[in-house]
Amino acid sequence: MDSIVVTGGTPLKGKIAIAGAKNAALTLMPATLLSEEPLTLTNAPRLSDIKTMTALLQSLGVEVTSMQDGKVQVLSSHAMTSTTADYEIVRKMRASNLVLGPLLARHHRAVVSLPGGCAIGARPMDIHVTALEAMGAEIELKDGYLHAKAPGGLKGAKVPLRFASVGATENVLMAATLAKGTTVIENAAREPEIVDLAKCLRSMGAQIEGEGTSTITIQGVDRLGAATHPVVTDRIELGTYMLAPVFAGGEVECLGGRLDLVGSFVEKLDAAGVDVTETPDGLKVKRRTDRAKAVDVTTEVFPGFPTDLQAQMMAMLCTAEGTSVLEEKIFENRFMHAPELIRMGADIEVHGGIATVRGVERLKGAPVMATDLRASVSLILAGLAAEGETTVSRIYHLDRGYEHIEEKLSAVGAKIERVSA
Ligand code: EPZ
């Protein structure tokens, strides 16, 4: 198994290109199931999660052609062979459950394995199921699989979500494009990835209004056509690399970065003593003094502070001046990076969903272990600030969501290398 070795203490300088969003691509790819015409995605990220989604779609009979080193994906589901998403693939990636809505909408049936829990939580699918049942789907849980059918197709309905679930909003949004009649999603998720999906579906011929707000209205149509769509910039990769110069010192410009993607995150950076400046090509980031200031953080649904940047923010606050309180309100177990940061000398106390971080002068490099995607990158960032060498193991987690991280950070001066075991 590979590891990444980071040696701290070198200020960063230069530009980092931000890739297309993993969490947008993972919902745009299954959208191909809604049409027999080809869907072309540009600005696609090169990540292992995309390979997993490709394998899943191919197991259903979808043709996936990858071009330009993976930055362009052409998908076509004109020759489907299956509507069953197998446990072997789904267990590796929860986002596999995003084939449920499109399969039901166009093929009126689907068998999708429950994803099972993962490191950060139980991650049930009750909101997806309740919503699709409101549209006429009959869904039964048997042997760990959701057996779903919609004889005669789905019907438009009013669909109130008990929680603004990103995945459930995406499944219902895709399903509603081909349902008979009008669907209104209430308490819909407002993430930029939802907006990106709606734009793509509209270019395929869907009739959608209100994406980005809590109420999305979809008028079902008979069929969807071909489209070419650019994947939106990855706001989580963006936020991650914006933090790099805060850890290591120096200044970094994140190419493709947009303030509207990271609004609440930038507010917190400003309070922590970090300057973020818009440039013609992106966002330039530099900390105002040698040490950031403590800030309190509570994760919320968009446009609140993103849960996917909580681990990275906690790592940065470990050496801030003062005490910070972080509250994780989206997932029930998303502080697994804390024990690893403590190994590096951080002073963190976790009680349930609340972590109290007392800033220390400096972290010390140590061997640490990645536990989930965002926790692993928080350890890489901590290594940039730590004294000496940090070795992060189990970095297969990292490769799920960050393309060529060691190349991107080396290019701005970080001492970082991948070591094969
Ligand atoms: C998406 O996951 C993202 N993944 C996650 O990013 C992100 O953390 C999450 O949204 C929240 O922003 C993708 O887009 C592929 P949810 P999703 O449904 O859709 C509970 C990363 O690091 N819930 O909004 O699965 C759930 O257990 C990943 O890139 C139910 O209880 O998130 C969780 O506590 C991690 N029942 C909360 O809601 C349901 O039916 C948020 O889940 C669905 C969700």
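The preceding data block contains the structure.
Nothing here was measured: the structure is a model prediction, and the numbers come from that model.

Caption draft 1: Geometry of the environment of Leu56. Relative to the assigned elements, Leu56 resides in helix α2 (residues 48–59). C-alpha separation for the pair Leu56 and Val99, spaced 43 residues apart in sequence, amounts to 9.1 Å. Those residues within four positions of Leu56 in sequence are excluded, and the remaining contacts are Ala85, Ile89, Ser96 and Val99.

Caption draft 2: A look at helix α5 (residues 126–134). Listed as buried for α5 are Ile127, His128, Val129, Ala131 and Leu132. Directly after α5, the chain includes Gly136, whose backbone phi takes a positive value near 100 degrees.

Caption draft 3: Structural view of the pairing of strand β16 (residues 274–279). In the sheet, β16 pairs with strand β17 (residues 282–287) via six bridges, with the strands oriented antiparallel. Paired with Val276 across the strands is Val285, a residue of β17.

Caption draft 4: Representation of the sheet that holds strand β1 (residues 3–7) in the model. Spatial ordering of the open sheet is given by β22-β23-β1-β24, a layout of four strands whose pairing is mixed. Edge positions in the sheet fall to β22 (367–369) and β24 (415–419), since each of these pairs with one other strand and no more. If you compare each strand with its neighbour and ignore which way they point, the axes differ by 20 degrees on average. Pairing between β1 and β24: five bridges, direction antiparallel. Counterpart to Val5 in the pairing with β24 is Glu417.

Caption draft 5: Examining the packing of helix α8 (residues 235–248) against helix α9 (residues 263–271) more closely. Look at α8 against α9: their axes get within 11 Å of each other, and the N-to-C directions meet at 15 degrees. Relative to α9, the element α8 lies roughly parallel. At the point where α8 passes α9, the crossing takes the right-handed sense. Here α8 contributes Gly239, Met242 and Leu243 to the contact with α9, which in turn contributes Phe265, Val266 and Leu269. In terms of residue class, the contact of α8 with α9 is built from five nonpolar, one polar and no charged.

Caption draft 6: Fine view of the pattern of salt bridges. Tallied over the full model, the rule gives 25 salt bridges. Its salt-bridge partner being Arg162, residue Asp126 comes within 2.9 Å of it at the nearest N-O pair. Note that Asp126 is positioned in helix α5 and Arg162 in the loop between β10 (158–160) and α6 (166–176), a separation of 36 residues in sequence.

Caption draft 7: Focus on the site of the ligand. Lining the immediate surroundings of the ligand are 23 residues, of which Arg94, Asp126, Ser165, Asp308 and Ile330 lie closest. Within the backbone of Ile330, one N or O atom sits 2.6 Å away from an oxygen atom of the ligand. Arg374 is positioned with one of its side-chain polar atoms (N or O) 2.8 Å from an oxygen atom of the ligand. About the coverage of the ligand: the protein hides 89% of its 830 Å² of free accessible area. Contributing elements (two or more residues each) for the shell around the ligand: α1 (22–28), α5, α6 and α12 (373–385). In terms of residues, the shell around the ligand owes the most to one element, α5, which gives three residues.

Caption draft 8: Local environment of the packing of aromatic side chains. Per the stated rule, a full pass over the model turns up two aromatic pairs. Ring geometry for Tyr241 versus Tyr402: centroids 6.4 Å apart, planes at 90 degrees, classification edge-to-face. In this pair, Tyr241 sits in helix α8 while Tyr402 sits in the loop between α13 (396–399) and α14 (405–410), placing the two residues 161 residues apart along the sequence. In this structure, Tyr241 and Tyr402 share a single accessibility class: buried.

Caption draft 9: Broad picture of the sheet that holds strand β7 (residues 109–113). Read from one edge to the other, the open sheet built from four strands follows the order β6-β7-β9-β8, with strand pairing classed as mixed. Strands at the two margins of the open sheet, each flanked by one partner only, are β6 (84–85) and β8 (138–142). Sheet analysis places β7 next to strand β9 (residues 145–149), joined by five bridges and oriented antiparallel. Within β9, the residue paired with Val111 across the bridge is His147. The strands that helix α4 (residues 100–107) touches are β7 and β9; relative to β7, the one it contacts most, it runs at about 160 degrees.

Caption draft 10: View of the environment of Thr319. Tracing the backbone shows Thr319 in the loop between α10 (310–317) and β19 (323–327). On the accessibility criterion, Thr319 (16% relative accessible area) is buried. Along the backbone, Thr319 and Glu63 are 256 residues apart, and their C-alpha atoms lie at a distance of 49 Å. Every residue in contact with Thr319, bar those within four places of it in the chain, is listed here: Arg291, Val360, Glu361, Arg362 and Leu363.

Caption draft 11: Examining the packing of α8 against α10 more closely. Two elements in contact, α8 and α10, have axes whose closest approach is 10 Å; the angle formed by their N-to-C orientations is 5 degrees. It follows from the interaxial angle that α8 and α10 lie roughly parallel. Contacts between α8 and α10 involve Ile236, Thr240, Leu243, Val246 and Phe247 from the first element and Gln312, Met313, Ala315 and Met316 from the second. Residue composition of the contact of α8 with α10, by class: seven nonpolar, two polar and no charged.

Caption draft 12: Highlighting the pairing of strand β21 (residues 354–358). Relative to β21, β19 runs antiparallel, the two sharing five bridges. Note on β21: the bridge partner recorded for Val325 is Thr356. Both strand β20 (residues 347–351) and β21 contribute to a ladder of five bridges, which runs antiparallel. When the bridges of β21 are listed, Asp347 appears paired with Arg358. The antiparallel hairpin formed by β20 and β21 contains two residues in its connecting segment, where Gly352 sits at a positive phi of about 60 degrees.

Scoring rules and cut-offs
- Residues numbered from 1 in each chain as written.
- Predicted model: local features only at pLDDT ≥ 70, side-chain atom pairs only at ≥ 80, totals over all residues.
- Heavy atoms only, no water.
- Helix = DSSP H or I, 4+ residues; strand = E, 2+ residues; numbered from the N terminus.
- Contact = heavy atoms within 4.5 Å.
- Buried < 20%, exposed > 50% of the residue type's maximum accessible area, 1.4 Å probe, protein only.
- Pairing = 2+ DSSP bridges.
- Axes fitted to C-alpha atoms, helices over the stretch in contact; angles between N-to-C directions.
- Parallel < 35°, antiparallel > 145°, perpendicular 65-115°, else oblique.
- Left-handed = near helix turned anticlockwise from the far one by under 90°.
- Nonpolar A, V, L, I, M, F, W, Y, C, P; charged D, E, K, R; others polar.
- Salt bridge = Lys/Arg side-chain N within 4 Å of Asp/Glu carboxyl O.
- Near = heavy atom within 4 Å.
- Polar contact = N/O pair within 3.5 Å; in protein donor to acceptor, adjacent residues only side chain to side chain.
- Areas by Shrake-Rupley, 256 points an atom, 1.4 Å probe, with all protein chains shown as cover.
- Phe/Tyr/Trp six-rings, centres within 6.5 Å; stacked < 30°, edge-to-face > 60°.

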